[in-house]
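Reading the structure
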Amino acid sequence: METHAHLHREQSYAGPHELYFKKLSSKKKQVMEKNGNNRKLRVCVATCNRADYSKLAPIMFGIKTEPAFFELDVVVLGSHLIDDYGNTYRMIEQDDFDINTRLHTIVRGEDEAAMVESVGLALVKLPDVLNRLKPDIMIVHGDRFDALALATSAALMNIRILHIEGGEVSGTIDDSIRHAITKLAHYHVCCTRSAEQHLISMCEDHDRILLAGCPSYDKLLSAKNKDYMSIIRMWLGDDVKCKDYIVALQHPVTTDIKHSIKMFELTLDALISFNKRTLVLFPNIDAGSKEMVRVMRKKGIEHHPNFRAVKHVPFDQFIQLVAHAGCMIGNSSCGVREVGAFGTPVINLGTRQIGRETGENVLHVRDADTQDKILQALHLQFGKQYPCSKIYGDGNAVPRILKFLKSIDLQEPLQKKFCFPPVKENISQDIDHILETLSALAVDLGGTNLRVAIVSMKGEIVKKYTQFNPKTYEERISLILQMCVEAAAEAVKLNCRILGVGISTGGRVNPQEGVVLHSTKLIQEWNSVDLRTPLSDTLHLPVWVDNDGNCAAMAERKFGQGKGQENFVTLITGTGIGGGIIHQHELIHGSSFCAAELGHLVVSLDGPDCSCGSHGCIEAYASGMALQREAKKLHDEDLLLVEGMSVPKDEAVGALHLIQAAKLGNVKAQSILRTAGTALGLGVVNILHTMNPSLVILSGVLASHYIHIVKDVIRQQALSSVQDVDVVVSDLVDPALLGAASMVLDYTTRRIH
């Protein structure tokens, strides 16, 4: 029975990898010796249906690529072997896996009693199989009744169990089955931090929990670039366009079968009314599925010109179909988990996935009790594009799982240990084999430089990359993508888990859409630019964009002197002048995203020209560009350099030369700086009189040169009621980068409608 075909399809994983277990490198050799003279680990993977195979297949491929460490046995049972559900065992054979054992375990009937009888039939048949295979460890996935039979058999026969996707919360009887398998399993691979926390709160041994992400994401995140139109045409017809069709997948809710059938009927009515081409997949084998199929046939779905009804779609093709759909609707876990990787809009109906973590692409219709409500949801969601979500994985799950398997010591006692820690004391970073740092990619688009940084949750800049900001749109977008891809790859080596990308840029920004509406003249070809979509599509990460002044304020709120302050204002002095306003702990954007353009407060009616087209703005006096302009004038008149100063011929005269000259006693340079500081001080006085904040933070390279003049102007010009307001210099080195990172690090992924 044990044959091993050659591997026709290799799947490699770059390493050194981003997760290491405590003492794993020093103990791996000892573990293998204890396991019996470097004996291979015999792994049995049991798959019950098309859904669990999509999660198990990447692990199986990974195991097969390391024959020096593992022997793989594949057991197939459940609906894989039933014609009505597509005989999906064939796709396992097509993937070049030898199926060691096929077990017919399903008692037909598709009701509650049939589910119980199927579990009993599996329990009768499995002992002979496990006695023959004698696996060291069995890998079981998810929350199906078939999986419960597998886990029960293995646990009673003293076979170690590795459970995939434990700790999650969805709804229906699945929750009870999933948690029951958790109690039977010896090792746990979970997909999200919340699931990890749930396992800890369920008293599972911390050392036997691995936060790896979902294995299916290893394939998902590289899938969207493949040729997809031929797949769409094959399943939906030659006349269907990308993003102009719907994928529907709805299963019975076993704890309320009657209502779920009614809800399915309403869904089909809404889809008929919506009048878009729709691919409908048959429901799974749970109790109630037979009645749902009757509803499909009663409404003529299999013969309706707008519908294609199918029993099964191969996973590789299904990925392409949902990635390029205008919407997915139903109650499958695939909708709230895998589809988030593409930003495809999803409508999740009813209670079957009520507890799942979801990205912002999911619209929940909890009480799907009318056709109109479902129809309205379709109108809201169809054709939208959301940021890619990596809640359930980052594409590196399989390498982590293989390392976890290699770390298992078969000489350790089989008896499970249970831990009883207070849940609050056991955040994910307390798991001793998890060494990753939650981080963000931060991008700062300045007037001169383009910078990308990896920023940790504590505000530490782990690594920073700097390039000159290109002059054209094409060059700039290309460079941003290149730098972010390189930084994301480096993050893996630095054990940083990137949660998303935050972008700080000059100009007016719509943060809701991730679009630069209008830029300053400092950044050319930068109007009506969608930054979110290209970055999200390339990195498969959520992306946030905001104005650089707003980012500076957010940096102060999270990491700087604004921490804990209810109301404060930040003024950032650099190539230009920007600002941000925090009111009642929230950032103010304004009705047209133009709030806090503090650099363009007018302080003189006949002042110098400003880059905005006006005259006498703070920026026209106090920005780096303004000081550079004045420095050049002095230099051209031979009035800049004093004793102890020189400017090399190949070096452009700038603001720093003016500041140096002022420090060395140049009276004209001192006068220019005093005028610039006074202009900035008058702007601050206007802010104090308008906003009445409790704190003003001057940020940027010029802040320390202006602070004393600004305070003098406040004492001379401000109302007595605001003269005691603190004005301080920021102690943050890179406020724009830290502010961009804070948008990511403060984000909550759950969105309920």
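Residues numbered from 1 in each chain as written. Predicted model: local features only at pLDDT ≥ 70, side-chain atom pairs only at ≥ 80, totals over all residues. Heavy atoms only, no water.

Next up on the list: the nonpolar core. Ranked by size, the top nonpolar core spans 62 residues in total, and within it Met138, Leu150, Ile246, Ile329, Ile347, Leu349 and Leu378 carry the most contacts. Of the residues forming this core, the biggest block, nine residues, is contributed by helix α10 (residues 257-274). Structurally, this core is a two-domain feature, drawing no fewer than three residues from each of domain 1 (38-214) and domain 2 (225-381). Excluding residues within four positions of it along the chain, Ile246 makes contact with Leu271, Phe274, Lys276, Arg277, Thr278, Leu279, Cys327, Ile329, Leu378 and Phe382. Counting residues in each nonpolar core, the second largest holds 42 residues, with Ile618, Ala669, Val713 and Val722 among its members. (Core = buried A, V, L, I, M, F, W, Y, C linked by side-chain atoms within 4.5 Å. Buried < 20%, exposed > 50% of the residue type's maximum accessible area, 1.4 Å probe, protein only. Helix = DSSP H or I, 4+ residues; strand = E, 2+ residues; numbered from the N terminus. Domains from an automatic or database assignment. Contact = heavy atoms within 4.5 Å.)

The next thing to look at is the pattern of salt bridges. Taken as a whole and assessed by the stated rule, the structure comprises 31 salt bridges. Ionic pairing is found between Arg337 and Glu168, a salt bridge with its closest N-O pair at 2.5 Å. Of this pair, Arg337 sits in the loop between α13 (333-336) and β12 (346-349) while Glu168 sits in the loop between β5 (160-164) and α6 (172-184), placing them 169 residues apart in sequence. A salt bridge links Asp734 to Lys464, with the shortest nitrogen-to-oxygen separation between them at 3.0 Å. Placement of Asp734 in the loop between β26 (726-729) and α24 (735-745) and of Lys464 in strand β16 (residues 461-468) is noted, with a sequence separation of 270 residues between them. Among the residues examined, Asp734 registers a relative accessible area of 7% and is labelled buried. Residue classification places Lys464 among the partly exposed residues on the basis of a relative accessible area of 38%. (Salt bridge = Lys/Arg side-chain N within 4 Å of Asp/Glu carboxyl O.)

Moving on: the domain arrangement of the protein chain. What the domain assignment reports for the protein chain is domain 1 (38-214), domain 2 (225-381), domain 3 (436-560 + 746-752) and domain 4 (564-731). At the interface, 20 residues of domain 3 touch 26 residues of domain 4. Among the elements of the structure, β18 (508-510), β21 (543-547) and α18 (548-559) are those that each provide at least two residues to the side of domain 3 that touches domain 4. Of the residues contributing to the side of domain 3 that touches domain 4, the split by class is seven nonpolar, eight polar and five charged. (Nonpolar A, V, L, I, M, F, W, Y, C, P; charged D, E, K, R; others polar.)

Moving on, we get to the sheet that holds strand β6 (residues 187-190). In space, the seven strands of this open sheet follow the order β3-β2-β1-β4-β5-β6-β7, with parallel pairing throughout. The two strands at the open ends of the sheet, each matched to only one other strand, are β3 (99-103) and β7 (209-211). Sheet twist, expressed as the mean angle between neighbouring strand axes with direction ignored, is 20 degrees. Where β6 and β7 come together, three bridges link them in parallel fashion. Bridged to Val189 within β7 is Leu210. In the packing of helix α2 (residues 50-64) onto the sheet, the strands contacted are β1 (41-47), β2 (70-77), β4 (137-141) and β5, and the crossing angle to β1 comes to about 160 degrees. (Pairing = 2+ DSSP bridges. Axes fitted to C-alpha atoms, helices over the stretch in contact; angles between N-to-C directions.)

Take the packing of helix α22 (residues 667-691) against helix α23 (residues 703-717) next. Interhelical geometry of α22 versus α23 gives an angle of 55 degrees and a closest axis separation of 8 Å. Classed by the angle they form, the pair α22 and α23 counts as oblique. As for the relative orientation of α22 and α23, their crossing is right-handed in sense. Judged by residue contacts, Leu673, Arg674, Ala676, Gly677, Thr678, Leu680, Gly681, Leu682, Val684, Val685, Leu688 and His689 of α22 engage Tyr706, Ile709, Val710, Val713, Ile714 and Gln717 from α23. In terms of residue class, the contact of α22 with α23 is made up of 12 nonpolar, five polar and one charged. (Parallel < 35°, antiparallel > 145°, perpendicular 65-115°, else oblique. Left-handed = near helix turned anticlockwise from the far one by under 90°.)

What follows deals with helix α16 (residues 473-493). With 21 residues, α16 ought to run about 30 Å at 1.5 Å a step, and its terminal C-alpha atoms sit 31 Å apart, in line with that. All buried positions along α16 are accounted for by Arg476, Ile477, Leu479, Ile480, Leu481, Met483, Cys484, Ala487 and Ala491. Contacts from the buried residues of α16 go to β14 (437-445), β15 (449-456), β16, β17 (496-505), β20 (529-530) and α17 (532-539). Once α16 finishes, Asn495 follows within two positions and takes phi at roughly 60 degrees, a positive value. (Expected span 1.5 Å × (residues − 1).)

Under the UniProt annotation, the feature "binding site: Zn(2+)" (unreviewed entry) is placed at His600, Cys610, Cys612 and Cys617. A compact arrangement is adopted by the annotated residues: their sequence extent is 18 residues, whereas the largest C-alpha distance between any two is 8.8 Å. As for its position among the elements, Cys612 is in the loop between β24 (586-587) and α19 (618-622). If we skip the residues at most four places from it in the chain, Cys612 touches His600 and Cys617. Overall, the relative accessible area of 1% leaves Cys617 in the buried class. (UniProt positions renumbered as here; feature names shortened; annotations may be inferred.)

All told, the structure shown has five aromatic pairs when counted by the stated rule. A centroid spacing of 4.9 Å and a plane angle of 50 degrees characterise the contact between Phe61 and Phe97, whose relative ring orientation is tilted. Note that Phe61 is positioned in helix α2 and Phe97 in the loop between α3 (89-94) and β3, a separation of 36 residues in sequence. Their ring planes at 85 degrees and their centres at 6.3 Å tell us that Tyr187 and Phe404 sit as a pair that is edge-to-face. Separated by 217 residues along the polypeptide, Tyr187 in strand β6 and Phe404 in helix α15 (residues 397-406) bring together distant segments of the chain. (Phe/Tyr/Trp six-rings, centres within 6.5 Å; stacked < 30°, edge-to-face > 60°.)

In this section: unusual backbone geometry. Residue Asp96 is not a glycine yet carries a positive backbone phi of 70 degrees. By secondary structure assignment, the location of Asp96 is in the loop between α3 and β3. Since its relative accessible area comes to 19%, Asp96 is described here as buried. We note that Asn495 has phi near 60 degrees; this positive angle belongs to a residue other than glycine. Take Asn495: it is sitting in the loop between α16 and β17.

The next point concerns the sheet that holds β12. Across the sheet, six strands lie side by side as β10-β9-β8-β11-β12-β13; this open sheet has parallel pairing. Either end of the sheet is taken by a strand with one partner, and the two such strands are β10 (307-310) and β13 (362-365). If you compare each strand with its neighbour and ignore which way they point, the axes differ by 20 degrees on average. With four bridges connecting them, β12 and β13 associate as parallel partners. Of the residues in β13, the one forming a bridge with Leu349 is Val365.

Residues of strand β11 (residues 327-330) alternate between two faces, with Cys327 and Ile329 on one and Met328 and Gly330 on the opposite face, all of them buried. Sheet topology places strand β8 (residues 245-249) next to β11; four bridges connect them, and they run parallel. Bridging across to β11, Ile246 finds its partner in Cys327. The pairing of β11 with β12 spans three bridges and is classified as parallel. Along β12, the bridge assignment pairs Met328 with Val346.

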